Amino acid sequence: MQYWLVKSEPDAWSWDQQVAKGAAGEIWSGVRNYTARNNMRAMKLGDRVFFYHSNEGLAVVGVCEVAELSKPDPTTDDVRWDCVTLRALAPVPKPVTLKDIKANPKLAEMSLVTSFRLSVQPVTAAEWKEVCRMGGLDPKTLKAV
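Chains are numbered independently. Their residues run from 1 in the order of the written sequence. Per-residue local features of the predicted model are confined to residues with pLDDT of at least 70, and side-chain atom pairs are confined, for both listing and counting, to 80 or more; whole-chain, interface and lining totals are unaffected and use all residues. Computation of side-chain values: all heavy atoms of the structure, hydrogens and water removed.

With respect to the environment of Glu-9
Piece 1. Along the chain, Glu-9 turns up in the loop between strand S1 (3-8) and helix H1 (15-20).
Piece 2. Through-space distance from the C-alpha of Glu-9 to that of Lys-94 is 19 Å; in sequence the pair is 85 residues apart.
Piece 3. If we skip the residues at most four places from it in the chain, Glu-9 touches Ser-54 and Asn-55.
Piece 4. Polar side-chain contacts of Glu-9 include one of 3.0 Å to the side chain of Asn-55. Here a helix means four or more residues in a row that DSSP labels H or I, a strand means two or more in a row labelled E, and each is numbered from the N terminus. Here, two residues are considered to be in contact whenever any of their heavy atoms come within 4.5 Å of each other. Polar contacts, as used here, are pairs of N or O atoms within 3.5 Å; protein pairs need one atom able to donate a hydrogen and one able to accept it. Residues neighboring in sequence count only if both atoms are side-chain atoms.

Written as structure tokens, this is what we have:
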């Protein structure tokens, strides 16, 4: 299993909206950065994904899974751009803020810190476990601890 982080401005697409999509999930469309697109192309079914509120909140607020593999983005006719479908799995009991992530030496190399503008980022297994711990979430069961 691989781990990822996706960013969304909550006034454009929020965690609550993602949750409301239920089991069907929602396409993660509109990405227009080659590195972010390539990250989506590398995603596998079932991969875990942190849902991060950018601009407002600046925090990891939920966990999704990849429900459909990369496919052409239907929001454009440009064949260069892809999207995946993400399904909400669990809220993070205690949202993990960017400030807290930056203050944690174990997360100093996390893409959220080093490549903060990238909208779809890889997360290492160690980073995944640490962010889950900080958020009060068991990284395996996704249940509050």
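Continuing now.
Things to note about the side chain of Gln-18
Piece 1. Relative to the assigned elements, Gln-18 resides in helix H1.
Piece 2. Categorising residues by exposure relies on relative accessible area from a 1.4 Å probe, with only protein chains included: less than 20% of the type maximum marks a residue as buried, more than 50% marks it as exposed, and the intermediate range marks it as partly exposed. For Gln-18, a relative accessible area of 0% translates into the label buried.
Piece 3. From its side chain, Gln-18 meets the backbone oxygen of Leu-86 in a polar contact 2.7 Å long.
Piece 4. Discounting residues that sit within four places of it in the chain, Gln-18 has contacts with Trp-13, Gly-25, Glu-26, Trp-28, Phe-51, Cys-64, Leu-86, Arg-87 and Ala-88.

Interpretation in functional terms is not warranted from these geometric data alone.
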